Amino acid sequence: MEIGLSTFVETTPDVHTGELISHAQRLREVVEEIVLADRVGLDVFGVGEHHRKDYAASSPAVVLAAAAAQTERIRLTSAVTVLSSADPVRVFQEFSTLDGISNGRAEIMAGRGSFIESFPLFGYDLQDYDELFDEKLDLLLKIRASEKVTWEGKHRPAIRNLGVYPRPVQEPLPVWIGSGGNTESVIRAGLLGLPLVLAIIGGRPTQFAPLVQLYKKAAAQAGHDPAKLPVASHSHGFVGEEAEQAADLFFPSTQASMNVIGRERGWGHYGRASFDAARSLEGALYVGDPDTVARKIIYLRKNVGITRFMLHCPLGTMPHEQVMRSIELLGTEVAPRVREEIARWEAAGEPQE
């Protein structure tokens, strides 16, 4: 079981003071967060790609490369790379470069993206949303499989037996498929034999169990060994010294962020009752003291089959020192408890799903 973090490097106004953190400061803070995550023994850190004012990381590979030189073990991934509006050649080159700098710790998490700002920015038509992703994923995987590439598609100029460099340390460079729970995406990942990441940010996480089984069934039908394919989750959360303290610290920025996005997408108002309900054992918020968060991760592993858990923290803008403390607790208190429990299952031969 791998445990790590993800961030969208948000620069929303501070909910208490109204002050805005600069993109530059928030980027430097995230590098510090990745370095701490490595130091406390976490397995992976993901940085999301966005192209709007309230998010600072339009180039996750650059942010991760800054941290790569200061870390030793932690894996470094996008979360996600918006592949539909990107050039797969450049994506591969950037993450292959990151793989070299980190000596084999880079990963690509490819997805359509839930925000659409990159499409007009790079000259793509949203009517081609699905077709773009399919075509560009095909090219990315061909580049990954072969140093010299011959390829032709509809939305990008053809490539005629050209080399793509640098080549990565890892063979192959890991490519995960990120999904919000779309059945088609899950099946595609399984058929291609690619690891799957599920964004579990609402409802009951156990509702994703049938999707995991569908993914494994598709993988088996395509001749892949489902036992060798990891499944990850990305979920909002925060670890504090005490459960109620953690909730009180995490709620204000969460509410502000959810209501900004909610107004854009026509969701209802997000209040404390919804927040507290999601903190329950079966809810999608991983907020609380180390015991509470560890129990919820173990529950997710047992009932959904997740083999990598990524805590998305912060949601919105929180004081950097609070985020750092949450990372420290996740690495030193939560992760050991989860790993100990899983080791106990394995020793006893108990089922883990």
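Structural data are supplied above this passage.
Read on for a plain summary of the structure. (Residues numbered from 1 in each chain as written. Predicted model: local features only at pLDDT ≥ 70, side-chain atom pairs only at ≥ 80, totals over all residues. Heavy atoms only, no water.)

Focus on the overall build of the protein chain
- Regarding its fold elements, the protein chain presents eleven helices and twelve strands.
- Radius of gyration (C-alpha) of the protein chain: 20 Å, near the 20 Å computed for a compact globule of 353 residues.
- Counting only C-alpha atoms and orienting by the principal axes, one finds that the protein chain spans roughly 60 × 55 × 40 Å.
- Taken over 353 residues, the protein chain has a buried fraction of 56%.
- In the protein chain, of all internal contacts separated by at least 6 residues, the share reaching a separation of at least 24 is 71%.
- For the protein chain, the computed accessible surface area is about 14,800 Å², with 52% contributed by carbon and sulfur atoms. (Helix = DSSP H or I, 4+ residues; strand = E, 2+ residues; numbered from the N terminus. Rg over C-alpha atoms; globule rule 2.2 N^0.38 Å. Buried < 20%, exposed > 50% of the residue type's maximum accessible area, 1.4 Å probe, protein only. Contact = heavy atoms within 4.5 Å. Areas by Shrake-Rupley, 256 points an atom, 1.4 Å probe, with all protein chains shown as cover.)

Considering the nonpolar core
- Counting 91 residues, the largest nonpolar core has L5, I34, L42 and V47 as the members making the most contacts within it.
- The element that contributes the greatest number of residues to this core is helix 11 (residues 320-348), accounting for nine residues.
- For I34, the residues in contact, after removing those within four places along its chain, are F45, V47, L64, A67, T71, I74 and L76.
- Counting eight residues, the second largest nonpolar core, distinct from the first, contains V80, M109, W176 and M310. (Core = buried A, V, L, I, M, F, W, Y, C linked by side-chain atoms within 4.5 Å.)

So, helix 8 (residues 243-265)
- Compared with an ideal rise of 1.5 Å per residue, which puts 23 residues at 33 Å, helix 8 spans 31 Å between its outermost C-alpha atoms and is within 8% of the ideal.
- A246, A247, F250, F251, S253, T254, S257, M258, N259, I261 and G262 are the residues of helix 8 that are buried.
- Packed against the buried residues of helix 8 are strand 10 (231-239), helix 9 (272-278), strand 11 (286-288) and strand 12 (308-312).
- A positive phi of about 80 degrees marks G266, the residue just after helix 8. (Expected span 1.5 Å × (residues − 1).)

Some details on the side chain of T254
- Along the chain, T254 falls in helix 8.
- On the basis of relative accessibility, which here comes to 1%, the residue T254 falls in the buried class.
- The contacts of T254, once residues within four sequence positions are left out, are Y270, F275 and L315.

Re the packing of helix 2 (residues 60-68) against helix 3 (residues 88-101)
- Packing of helix 2 against helix 3 leaves a shortest axis separation of 9 Å and a crossing angle of 5 degrees. With respect to helix 3, the element helix 2 is oriented roughly parallel. Note on element contacts: helix 3 touches helix 2 through E94, F95, L98 and I101, opposite A61, L64, A65 and A68.
- Residue composition of the contact of helix 2 with helix 3, grouped by class: seven nonpolar, no polar and one charged. (Axes fitted to C-alpha atoms, helices over the stretch in contact; angles between N-to-C directions. Parallel < 35°, antiparallel > 145°, perpendicular 65-115°, else oblique. Nonpolar A, V, L, I, M, F, W, Y, C, P; charged D, E, K, R; others polar.)

Re the side chain of R75
- The topology assignment puts R75 in strand 3 (residues 75-78).
- Accessibility expressed as a relative area gives 17% for R75, which makes it buried.
- Within the structure, R75 has its side chain in polar contact with the backbone oxygen of G104 (distance 3.4 Å).
- Other than its neighbours up to four places away in sequence, R75 contacts E2, D43, V44, F45, G104, R105, A106, E107, Q170, P174 and R308. (Polar contact = N/O pair within 3.5 Å; in protein donor to acceptor, adjacent residues only side chain to side chain.)

Points about the packing of aromatic side chains
- Within the structure shown, the criterion is met by seven aromatic pairs.
- A connected cluster of aromatic rings, assembled from ring pairs, spans F238, F250, F251 and F275.
- The ring of F115 carries R265 above its face, with NZ or CZ at 4.7 Å from the centroid.
- The cationic tip of K296 hangs over the ring face of Y286; the distance from NZ or CZ to the ring centre is 4.8 Å. (Phe/Tyr/Trp six-rings, centres within 6.5 Å; stacked < 30°, edge-to-face > 60°. Lys NZ or Arg CZ within 6 Å of the ring centre and 35° of its normal.)

Regarding the pattern of salt bridges
- Applying the stated criterion across every chain yields a total of 28 salt bridges.
- For R73, the salt bridge is made with D43, and the minimal N-O distance between the two is 3.4 Å. Remark: D43 occurs in the loop between helix 1 (23-39) and strand 2 (44-47) and R73 occurs in the loop between helix 2 and strand 3; sequence separation between them is 30 residues.
- The salt bridge partner of E152 is R160, with a shortest N-O separation of 3.1 Å.
- A cluster of three or more residues bridged by salt bridges with shared partners is formed by R112, D130, D134, E184 and R188. (Salt bridge = Lys/Arg side-chain N within 4 Å of Asp/Glu carboxyl O.)

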